[in-house]
Amino acid sequence: MIKIEIEGTQLISLEVVKKRSLRNMDREWGSKPGSGGAASAQNEAIDRRERLRRLALETIDLAKDPYFMRNHLGSYECKLCLTLHNNEGNYLAHTQGKRHQTNLAKRAAREAKDAPAQPLPHKRSVSLRKSVKIGRPGYRVTKQYDPETKQRSLLFQIEYPEIEDLTKPRHRFMSSVEQKIESFDKRYQYLLFAAEPYETISFKVPSIEIDKSTPKFFSHWDPDSKMFTLQLYFKVKPPETNKPTSAAVPNGTSAPGVPPLPPQQAPPPPPPASMGNPPRGSLPPPPPPMGNGPPRPMPPGGNFPAPPPPAGGGMPNFTPRPPIPPPPQGFQGQPNQGLRPPPPPPPQ
């Protein structure tokens, strides 16, 4: 603490001097002593804007504002009014101003003028009638069969003795997908009958196409006997034509439209095997039969003749290979290995 000597021995601290000056200033501005003085109009405006900014940020989500944009400089812009704002509070204060509200009204009026006039959708008002049901009506179902057309039919007779005046029963067909009482089964459909104040009844019939020609499908309501009659015929499914089976083609090589080849005859059985060496000039057994035709006969001598040389161009230096002579009688060797018999012994 700094002390200053004033008029001899009296000591006054700087804090006391400061308190006295503040007290005098409060008296001049008209504020309560010790309050620090009244705030200026500028300070009050700053404090009010700060409080409004905090309140607006708590209640308004700027992310959903289509006209709020933050630029690359860190400030904020209003895309509707093309104004620049330093902070979010300044932008919120701008949105509540007259300029922004006027531009919003102009934009809404222009969009309403440019939008095409669309007619209002016509809503059909259907009043649901609530009535007390008195139970199910009596019915009779008759099965019929027409031997000429081979069609089966059903005759429904529904009795409504207590039906309302000027009311006629109604009927309709319902698929198995539409109903929610039983599990779905594509083999059946439902025929419904309804009349007030009776409950709606339905019959489960086969899911076959109905013949709705005039003499076969008809409904009649007799107001005197209070009976509703409905007759229906089911269409007959056309019989499936049996397709002729095509004959099997050997090896699958015949072209369409060409008659198949006659069946092949089995080759004659081979001759019985003889004991010992085969006689000279005997023929080997015939080859196994081929699927493309009967076997070709073996020429005499046991070998096929060499093919003739090609005429014209091709292979001018081609020389046919001479046939292999048959093995001599009494030689024990394989004829296809090309072995030669041993030379005879020299004469003595």
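If you're wondering where the values come from, they're calculated on a predicted model, not measured in any experiment.

## Some remarks on the overall build of the chain
Alright, step 1. From N to C terminus, the chain includes four helices and 13 strands.
Alright, step 2. Relative to its full complement of 348 residues, the chain shows a buried share of 19%.
Alright, step 3. Here the chain has roughly 29800 Å² of accessible surface; of this, 56% comes from carbon and sulfur atoms.

## Observations regarding the sheet that holds strand β10 (residues 201–206)
Alright, step 1. Spatial strand order, β8-β9-β10: three strands in an open sheet with antiparallel pairing. At either end of the open sheet lies a strand with only one pairing partner, and these are β8 (170–175) and β10. Each strand of the sheet is rotated relative to its neighbour by a mean of 25°, with strand direction disregarded.
Alright, step 2. Sheet topology note: the β8/strand β9 (residues 188–194) ladder contains six bridges and is antiparallel.

## Some words on the environment of Lys216
Alright, step 1. For Lys216, the location among the structural elements is in the loop between β11 (210–211) and β12 (218–222).
Alright, step 2. Taking the C-alpha atoms as reference points, Lys216 and Tyr233, separated by 17 residues in sequence, lie 6.2 Å from one another.
Alright, step 3. Those residues in contact with Lys216 that lie beyond four places of it in its chain are Thr149, Gln151, Asp211, Gln231, Leu232 and Tyr233.

## Quick notes on the sheet that holds strand β4 (residues 76–78)
Alright, step 1. Pairing in this open sheet of three strands is antiparallel, and the strands run β3-β4-β5 from one edge to the other. The open sheet has two free edges, formed respectively by β3 (68–70) and β5 (83–85), since each of these has just one partner strand. Direction aside, the axes of adjacent strands within the sheet are offset by 30° on average.
Alright, step 2. Bridging between β4 and β5 involves three bridges; their strand directions are antiparallel. Within β5, the position partnered with Tyr76 by the bridge is His85.

## A few points about the UniProt feature "domain: Matrin-type" (unreviewed entry) in the chain
Alright, step 1. Per the UniProt record, the feature "domain: Matrin-type" (unreviewed entry) sits at residues 76–106.
Alright, step 2. Split by type, residues 76–106 is 55% helix and 19% strand. Its first and last C-alpha atoms lie 23 Å apart.

## Digging into the nonpolar core
Alright, step 1. Judged by nonpolar contacts, the single largest core of 19 residues is most densely connected at Phe156, Tyr160, Phe193, Leu230 and Leu232.
Alright, step 2. Counting residues per element, this core draws most heavily on strand β13 (residues 227–234), which supplies four residues.
Alright, step 3. Discounting chain neighbours no more than four positions away, the residues touching Leu232 are Arg152, Ser153, Leu154, Phe156, Phe173, Leu191, Ile210, Lys216 and Phe217.
Alright, step 4. One finds Phe68, Tyr76, Cys78 and Leu92 within the second-largest nonpolar core, a separate group that totals ten residues.

## Some points on the state of the cysteines
Alright, step 1. Within this structure, the stated rule accounts for zero disulfides.
Alright, step 2. You can see Cys81 has no disulfide; the closest cysteine sulfur is in Cys78, sitting 3.9 Å from it.

## What about the pattern of salt bridges?
Alright, step 1. Applying the stated criterion across every chain, the model contains nine salt bridges.
Alright, step 2. Between Glu199 and Arg136 there is a salt bridge, with its nearest N and O atoms 3.9 Å apart. Residue Glu199 is located in the loop between β9 and β10, and its partner Arg136 is located in the loop between α4 (98–114) and β6 (138–146); the two are separated by 63 residues in the primary sequence.
Alright, step 3. A relative accessible area of 69% places Arg136 in the exposed class.
Alright, step 4. For Lys235, the salt bridge identified is with Glu209, shortest N-O distance 3.2 Å. Of this pair, Lys235 sits in the segment after β13 while Glu209 sits in the loop between β10 and β11, and the two are 26 residues apart along the sequence.
Alright, step 5. Judged by relative accessible area, Lys235 falls into the partly exposed class, the value being 37%.
Alright, step 6. Glu209 gets classed as exposed once you look at its relative accessible area, which sits at 53%.

## Describing unusual backbone geometry
Alright, step 1. The step from Glu196 to Pro197 runs through a cis peptide bond, and the omega angle for that step is 0°.
Alright, step 2. Counting through the fold element by element, Pro197 comes out in the loop between β9 and β10.
Alright, step 3. Phi is positive for Lys150, close to 60°, though the residue is something other than glycine.
Alright, step 4. Accessibility expressed as a relative area gives 57% for Lys150, which makes it exposed.

## Considering the side chain of Gln157
Alright, step 1. For Gln157, the location among the structural elements is in strand β7 (residues 151–159).
Alright, step 2. Judged by relative accessible area, Gln157 falls into the buried class, the value being 19%.
Alright, step 3. Separated by 2.7 Å, the side chains of Gln157 and Arg140 make a polar contact.
Alright, step 4. Leaving out residues up to four positions away in the same chain, Gln157 has contacts with Gly138, Tyr139, Arg140, Met227, Phe228 and Thr229.

## Notes on the pairing of β6
Alright, step 1. Relative to β7, β6 runs antiparallel, the two sharing nine bridges. In the sheet register, Thr142 faces β7, and the bridge partner there is Leu155.
Alright, step 2. The antiparallel hairpin formed by β6 and β7 contains four residues in its connecting segment, where Lys150 sits at a positive phi of about 60°.

## Regarding the packing of helix α2 (residues 41–59) against helix α3 (residues 88–95)
Alright, step 1. Between α2 and α3, the shortest axis-to-axis distance is 9 Å and the interhelical angle comes to 80°. Classified by the angle their axes make, α2 and α3 are roughly perpendicular. Contacts between α2 and α3 involve Arg53, Ala56 and Leu57 on the former and, on the latter, Glu88, Gly89 and Leu92.
Alright, step 2. Its residues placed into classes, the contact of α2 with α3 shows three nonpolar, one polar and two charged.

Thresholds applied
Residues numbered from 1 in each chain as written. Predicted model: local features only at pLDDT ≥ 70, side-chain atom pairs only at ≥ 80, totals over all residues. Heavy atoms only, no water. Helix = DSSP H or I, 4+ residues; strand = E, 2+ residues; numbered from the N terminus. Buried < 20%, exposed > 50% of the residue type's maximum accessible area, 1.4 Å probe, protein only. Areas by Shrake-Rupley, 256 points an atom, 1.4 Å probe, with all protein chains shown as cover. Pairing = 2+ DSSP bridges. Axes fitted to C-alpha atoms, helices over the stretch in contact; angles between N-to-C directions. Contact = heavy atoms within 4.5 Å. UniProt positions renumbered as here; feature names shortened; annotations may be inferred. Core = buried A, V, L, I, M, F, W, Y, C linked by side-chain atoms within 4.5 Å. Disulfide = S-S within 2.5 Å. Salt bridge = Lys/Arg side-chain N within 4 Å of Asp/Glu carboxyl O. Polar contact = N/O pair within 3.5 Å; in protein donor to acceptor, adjacent residues only side chain to side chain. Parallel < 35°, antiparallel > 145°, perpendicular 65-115°, else oblique. Nonpolar A, V, L, I, M, F, W, Y, C, P; charged D, E, K, R; others polar.

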